[in-house]
Amino acid sequence: GAGVSQSPSNKVTEKGKDVELRCDPISGHTALYWYRQSLGQGLEFLIYFQGNSAPDKSGLPSDRFSAERTGGSVSTLTIQRTQQEDSAVYLCASSEYRGSYNEQFFGPGTRLTVL
Amino acid sequence: AQSVTQLDSQVPVFEEAPVELRCNYSSSVSVYLFWYVQYPNQGLQLLLKYLSGSTLVKGINGFEAEFNKSQTSFHLRKPSVHISDTAEYFCAVTSPSGGSYIPTFGRGTSLIVHP
């Protein structure tokens, strides 16, 4: 079936505005992950979902960041009152189920630019 | 805690030459190791992974990696690179027990293949 999709592919916003980033995982994948990729910084873990619950939110950088997942499928990452340091590529990945040996399948990312 | 160090941020190489991308990890427990590749404007995709068994792991596109427990390394190699191998390569580690199942990624190595 289709891979992981993310929308929008690019988002330019003004400082202080809220943004919503969407991730559609592969059908049937119960685990979903959000990462942030900044230039030269690798991938920074943000949050993990198993089904609709988020047992690990340890990577969210501040309370301006939140995420939800509904129906065990689509997830939305929301950033409130965006700051310039939020500019990055936000990647979503899914895997069949939680497990350290599982391959993650990544979407193409959303490039967020905060002016 | 687990960590990954990719020793080279950029590796330039000529087409048809061999290449090695270095990865060292740190973990107090046993590990699973992964190499992912990211082509421009795309998400990451799995090249290969080490879970157990033979320490030499073969992946897609002619890549292979060798797990060396004593040196805590998982270097990626290819005997003859193509222009199309130009991409960002990420090493990642998880733990089957006692550690985190959330992958920890290195900062990435940019492989640049020149004609």
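Our structure's up above, just so we're on the same page.
Conventions used here
Residues numbered from 1 in each chain as written. Chains lettered and ligands numbered in written order. Predicted model: local features only at pLDDT ≥ 70, side-chain atom pairs only at ≥ 80, totals over all residues. Heavy atoms only, no water. Helix = DSSP H or I, 4+ residues; strand = E, 2+ residues; numbered from the N terminus. Rg over C-alpha atoms; globule rule 2.2 N^0.38 Å. Buried < 20%, exposed > 50% of the residue type's maximum accessible area, 1.4 Å probe, protein only. Contact = heavy atoms within 4.5 Å. Areas by Shrake-Rupley, 256 points an atom, 1.4 Å probe, with all protein chains shown as cover. Lys, Arg positive; Asp, Glu negative; His and termini not counted. Charge placed at Lys NZ, Arg CZ, Asp CG, Glu CD. Pairing = 2+ DSSP bridges. Axes fitted to C-alpha atoms, helices over the stretch in contact; angles between N-to-C directions. Phe/Tyr/Trp six-rings, centres within 6.5 Å; stacked < 30°, edge-to-face > 60°. Disulfide = S-S within 2.5 Å. 1 Å grid on protein atoms, 1.4 Å probe; cavity = no way out; pocket = protein on both sides within 12 Å on 5 of 7 lines; lining within 4 Å. Points joined across faces, edges and corners; volume = space filled by probe spheres on them. Nonpolar A, V, L, I, M, F, W, Y, C, P; charged D, E, K, R; others polar.

A. Region of interest: the overall build of chain A. Tallying secondary structure elements over chain A gives zero helices and 11 strands in all. In terms of overall size, chain A behaves like a compact globule, its C-alpha atoms giving a radius of gyration of 13 Å where 115 residues would be expected to give roughly 13 Å. Every one of the 115 residues in chain A was classed for burial, and the buried ones make up 48%. Of all intrachain contacts in chain A linking residues separated by at least 6 positions in sequence, the fraction that spans at least 24 positions is 55%. Counting every atom, chain A has about 5,400 Å² of accessible surface; 45% of that belongs to carbon and sulfur. In chain A, which carries 11 positive and 12 negative side-chain charges, the distance between the mean positions of the two groups comes to 3 Å.

B. Representation of the sheet that holds strand β1 (residues 5–7) of chain A within the structure. Residue and element names in this part refer to chain A. The strand order β1-β3-β8-β7 describes an open sheet built from four strands, whose pairing is antiparallel. Single-partner strands in this sheet number two, and they are β1 and β7 (65–69). Averaged over all neighbouring strand pairs, the angle between strand axes comes to 15°, with direction disregarded. One ladder, built from three bridges, connects β1 with strand β3 (residues 19–24); its direction is antiparallel.

C. Examining the packing of aromatic side chains more closely. For the structure on display, the rule yields 12 aromatic pairs over all chains. For the pair Y35(A) and F106(A), a centre-to-centre distance of 5.7 Å together with 35° between the ring planes defines the contact as tilted. Here Y35(A), found in strand β4 (residues 31–37), pairs with F106(A), found in strand β10 (residues 105–106); they are 71 residues apart in sequence, far enough to count as distant. Accessibility classification places Y35(A) together with F106(A) in one group, the buried group. Judged by centre distance (6.3 Å) and plane angle (25°), the ring pair of F34(B) and Y36(B) falls under stacked. Pair check on accessibility: F34(B) and Y36(B) agree, each one buried. Put simply, the rings of Y33(A), Y35(A), F45(A), Y48(A), F106(A), F34(B), Y36(B) and F105(B) touch in pairs and so form one group of aromatic residues.

D. Layout of the state of the cysteines. Enumeration according to the criterion identifies two disulfides over all chains in this entry. The disulfide partner of C23(A) is C92(A), and the gap between their sulfur atoms is 1.8 Å. Taking the sign of the S-S torsion, about -60° here, the bridge from C23(A) to C92(A) comes out left-handed. Of this pair, C23(A) sits in strand β3 while C92(A) is found in strand β9 (residues 88–95), placing the two residues 69 residues apart along the sequence. With a sulfur-sulfur separation of 2.0 Å, C23(B) is cross-linked through a disulfide to C91(B). Between C23(B) and C91(B), the S-S dihedral sits near -65°, and the bridge is therefore left-handed. With C23(B) in the loop between β3 (19–21) and β4 (24–26) and C91(B) in strand β10 (residues 87–94), the pair connects residues that are 68 residues apart, well separated along the chain. By relative accessible area, which is 0% here, C23(B) ends up buried. In this structure C91(B) comes out as buried when scored by relative accessible area, which is 0%.

E. Geometry of the environment of G59(A). Considering the arrangement of structural elements, one finds G59(A) in the loop between β6 (53–56) and β7. Distance from G59(A) to E44(A), taken between C-alpha atoms, is 7.5 Å for residues 15 residues apart in sequence.

F. Spotlight on the layout of surface pockets. As a volume, the largest pocket reaches approximately 660 Å³. For the largest pocket, the lining is made up of 31 residues, of which Q37(A), L39(A), R111(A), Q38(B) and E88(B) are closest to its centre. It is β10(B) that provides the largest number of residues to the lining of the largest pocket, a total of three residues. The class makeup of the residues in the lining of the largest pocket is 10 nonpolar, 17 polar and four charged.

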